[in-house]
Amino acid sequence: MFNLYPQFLKFVVWLYDVVNCGRDFEGTATVSGIVLVVLILTPVIVGFILNLLERLEFKFFCYFFGYRVAFYIVNYATIAGTILHELSHTLFAFITGAKVTEVSFFDHDGEALGHIAYRPQGPFFLQAIQHSLTACAPVIMGFAGVVITSYFFLTTTYGVWAQILLIYLGISIINHSSMSSIDIKHYFQGIWAVSIPLFIAIFIFCRSTIS
């Protein structure tokens with residue numbers, strides 16, 4: 001049900017037809033480059049849309065209940081999403097080799113909800129990867145979280161309370177899966193390092209599967 005591989009394969013085949021540059025080395029390189037750009041921009045676009053939806057949600061509650069209540073509902077009432085957001089940053093920083101120095105799920109400084117601090121380590125190339133993947137982690141993990149909660153919501157047999165809990169988790173995850181301006185800055189700061197192996201992987205996939 002949530003298998004995206006067939007859709008991705010159809011998208012690549014469609015690109016070959018639209019670009020119409022053949023399925024040789026140059027054609028595959030062109031299609032691979034387009035797919036790469038799409039994959040790079042997807043987390044930013046998704047993060048932007050989710051951020052926009054969160055702002056609209058906040059304005060909706062603010063209009064009916066006032067600023068304080070709206071801020072509490074959108075942020076603190078969905079603390080589960082904040083926890084996943086910060087854990088996503090932490091997990092990707094750790095996996096890519098960065099040193100996580102601080103993790104907070106509930107800040108009391110102004111309107112901040114949570115944060116992590118990490119120190120990139122290793123060669124410059126690896127540090128770029130750490131910045132980029134750590135920055136987009138909430139979008140990736142948020143998407144995975146929504147898919148998982150949707151699956152259990154559609155298949156659960158544990159009754160209405162379980163479904164209510166899953167709905168709450170889904171809304172919480174969506175509310176906090178966007179990328180902040182700092183996340184976007186770090187993402188593009190290091191995306192060049194991710195692009196190189198990703199382009200190679202896409203090219204090999206296209207050559208072996210499509211060509």
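Predicted model, so just to flag it, every value in this text is computed and none were measured.

Q: How should the environment of Glu-54 be read in this particular structure?
A: Its location among the elements puts Glu-54 in helix α2 (residues 25-65). Given a relative accessible area of 15%, Glu-54 falls into the buried group. In this structure, the C-alpha to C-alpha distance between Glu-54 and His-176, residues 122 residues apart in sequence, is 8.2 Å. When neighbours within four sequence positions are excluded, Glu-54 is seen to be in contact with Val-74, Asn-75, Asn-175, His-176 and Ser-178.

Q: Can you walk me through the nonpolar core in this structure?
A: Side chains that are nonpolar tend, in soluble globular proteins, to be buried together. The biggest cluster of nonpolar side chains holds 22 residues, and the ones touching the most others in it are Val-12, Tyr-16, Val-31, Val-35, Tyr-187 and Cys-206. Contributing elements (two or more residues each) for this core: α1 (5-19), α2, α5 (124-155) and α7 (181-209). Looking at which element gives the most residues to this core, the answer is α7, with seven residues.

Q: When you look at the pairing of strand β2 (residues 115-119) in this model, what are you seeing that I'm missing?
A: Because side chains alternate across β2, one face comprises the buried residues Ile-116 and Tyr-118, and the other comprises His-115, Ala-117 and Arg-119, none of which is buried. With five bridges joining them, strand β1 (residues 99-104) and β2 adopt antiparallel strand pairing. Along β2, the bridge assignment pairs Ser-104 with His-115.

Q: I would appreciate a short explanation of the side chain of Thr-149 in the present structure.
A: Looking at the secondary structure, you find Thr-149 in helix α5. When its relative accessible area of 10% is taken as the criterion, Thr-149 is described as buried. In terms of polar contacts, Thr-149 uses its side chain to reach the backbone carbonyl oxygen of Val-146, at 3.0 Å. Thr-149 has contacts with Leu-166, Leu-169, Gly-170 and Ile-173, leaving out every residue within four places of it along the chain.

Q: Whenever I open this one, the environment of Tyr-168 confuses me. Can you help?
A: The residue Tyr-168 is located in helix α6 (residues 160-175) in this model. Given a relative accessible area of 31%, Tyr-168 falls into the partly exposed group. For the pair Tyr-168 and Lys-59, spaced 109 residues apart in the sequence, the C-alpha separation amounts to 20 Å. Those residues in contact with Tyr-168, other than ones at most four positions away along the chain, are Ala-77, Thr-78, Ile-79 and Ala-80.

Q: Can you help me understand the packing of aromatic side chains in this one?
A: Here a ring pair, both rings aromatic, is described through the centre-centre distance and the interplanar angle of the planes. Applying the stated criterion across every chain, the model contains 17 aromatic pairs. Residues Tyr-63 and Phe-64 carry aromatic rings whose centres are separated by 5.0 Å and whose planes lie at 85° to one another, so their mutual orientation is edge-to-face. We note Arg-23 situated over the ring of Tyr-16; from NZ or CZ to the ring centre the distance is 5.1 Å.

Definitions and limits used
Residues numbered from 1 in each chain as written. Predicted model: local features only at pLDDT ≥ 70, side-chain atom pairs only at ≥ 80, totals over all residues. Heavy atoms only, no water. Helix = DSSP H or I, 4+ residues; strand = E, 2+ residues; numbered from the N terminus. Buried < 20%, exposed > 50% of the residue type's maximum accessible area, 1.4 Å probe, protein only. Contact = heavy atoms within 4.5 Å. Core = buried A, V, L, I, M, F, W, Y, C linked by side-chain atoms within 4.5 Å. Pairing = 2+ DSSP bridges. Polar contact = N/O pair within 3.5 Å; in protein donor to acceptor, adjacent residues only side chain to side chain. Phe/Tyr/Trp six-rings, centres within 6.5 Å; stacked < 30°, edge-to-face > 60°. Lys NZ or Arg CZ within 6 Å of the ring centre and 35° of its normal.

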